Amino acid sequence: QVQLVESGGGLVQAGGSLRLSCAASGRTFSSYAMGWFRQAPGKEREFVAAISWSGGSTYYADSVKGRFTISRDNAKNTVYLQMNSLKPEDTAVYYCAALSHPYGLGPYDYWGQGTQVTVSS
């Protein structure tokens, strides 16, 4: 069982930056691929970024490519999402997720509770 807790969300002006963190419980964190998703009001949840167990492979949605960076620190059981050049359309609840496999893009097995990101224009 893996428990995920996101943090780092908040209110930021367009063009600003935020770094989200997702702390995972359990001693097998390094064997999980991890992902970030987001859900805006009235919209379906969408994929944002993913990272393999070692951090050697990363994947991004086209909408965030070049602006967001996913990374992980297996010694700290934490995955990060650095978000730069934020736009109002990035406003959403952001969720991290864990996949019980070192590689892959889903389906994810564990989800956090989410953290709100609001970008003002």
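Values in this document were obtained by computation on a predicted structure and should not be read as measured data.

## Thoughts on the overall build of the protein chain
Right, on to step 1. When its secondary structure is counted, the protein chain shows zero helices and 11 strands.
Right, on to step 2. Traced from its N-terminal end to its C-terminal end, the protein chain shows the element sequence β-β-β-β-β-β-β-β-β-β-β.
Right, on to step 3. Computed over the C-alpha atoms, the radius of gyration of the protein chain is 13 Å, within 12% of the 14 Å expected from 2.2 N^0.38 for a compact globule of 121 residues.
Right, on to step 4. By its C-alpha atoms, the protein chain is 40 × 25 × 25 Å across when sized along the principal axes.
Right, on to step 5. Within the protein chain, the proportion of its 121 residues that are buried is 43%.
Right, on to step 6. Looking at the protein chain as shown, the accessible area adds up to about 6,100 Å², and 48% of this sits on carbon and sulfur atoms.

## Observations concerning the nonpolar core
Right, on to step 1. The biggest cluster of nonpolar side chains holds 30 residues, and the ones touching the most others in it are Leu4, Met34, Trp36, Leu81, Met83 and Tyr94.
Right, on to step 2. Within the residue set of this core, elements represented by two or more residues are β3 (18–24), β4 (33–39), β5 (46–51), β7 (68–73), β8 (78–83), β9 (92–99) and β11 (115–120).
Right, on to step 3. For leucine 4, the residues in contact, after removing those within four places along its chain, are Cys22, Ala23, Ala24, Met34, Cys96, Ala97, Ala98, Tyr110, Trp111, Gly112 and Gln113.
Right, on to step 4. Membership of the second largest hydrophobic core comes to six residues, among which are Phe37, Ala50, Ala97 and Tyr108.

## Remarks on the state of the cysteines
Right, on to step 1. By the definition in use, this model includes one disulfide.
Right, on to step 2. Covalent S-S linkage joins cysteine 22 and cysteine 96, the inter-sulfur distance amounting to 1.9 Å. With cysteine 22 in strand β3 and cysteine 96 in strand β9, the pair connects residues that are 74 residues apart, well separated along the chain.
Right, on to step 3. Exposure remark for cysteine 96: the relative accessible area of 0% places this residue in the buried category.

## Section: unusual backbone geometry
Right, on to step 1. Here the bond from glycine 106 into proline 107 is cis, since omega is -5°, no more than 30 degrees from zero.
Right, on to step 2. Residue placement: proline 107 occurs in the loop between β9 and β10 (110–111).
Right, on to step 3. At asparagine 77, a position not held by glycine, the phi torsion is positive, near 50°.
Right, on to step 4. By secondary structure assignment, the location of asparagine 77 is in the loop between β7 and β8.
Right, on to step 5. When its relative accessible area of 19% is taken as the criterion, asparagine 77 is described as buried.
Right, on to step 6. Of note in the backbone geometry, serine 85 takes a positive phi value of approximately 50° without being a glycine.

## Quick look at the pairing of β4
Right, on to step 1. Most of β4 sits out of view: six of its seven residues are buried.
Right, on to step 2. Looking at chain direction, β4 and β9 are connected through seven bridges and run antiparallel. When the bridges of β9 are listed, glycine 35 appears paired with alanine 97.
Right, on to step 3. Of the strand pairs in this sheet, β4 and β5 are connected by five bridges, and their pairing is antiparallel. Bridging across to β5, phenylalanine 37 finds its partner in phenylalanine 47.
Right, on to step 4. With antiparallel pairing between neighbouring strands as the criterion, β4 and β5 make up a hairpin whose turn holds six residues, including glycine 42 at a positive phi of roughly 75°.

Thresholds, definitions, all that
Residues numbered from 1 in each chain as written. Predicted model: local features only at pLDDT ≥ 70, side-chain atom pairs only at ≥ 80, totals over all residues. Heavy atoms only, no water. Helix = DSSP H or I, 4+ residues; strand = E, 2+ residues; numbered from the N terminus. Rg over C-alpha atoms; globule rule 2.2 N^0.38 Å. Buried < 20%, exposed > 50% of the residue type's maximum accessible area, 1.4 Å probe, protein only. Areas by Shrake-Rupley, 256 points an atom, 1.4 Å probe, with all protein chains shown as cover. Core = buried A, V, L, I, M, F, W, Y, C linked by side-chain atoms within 4.5 Å. Contact = heavy atoms within 4.5 Å. Disulfide = S-S within 2.5 Å. Pairing = 2+ DSSP bridges.

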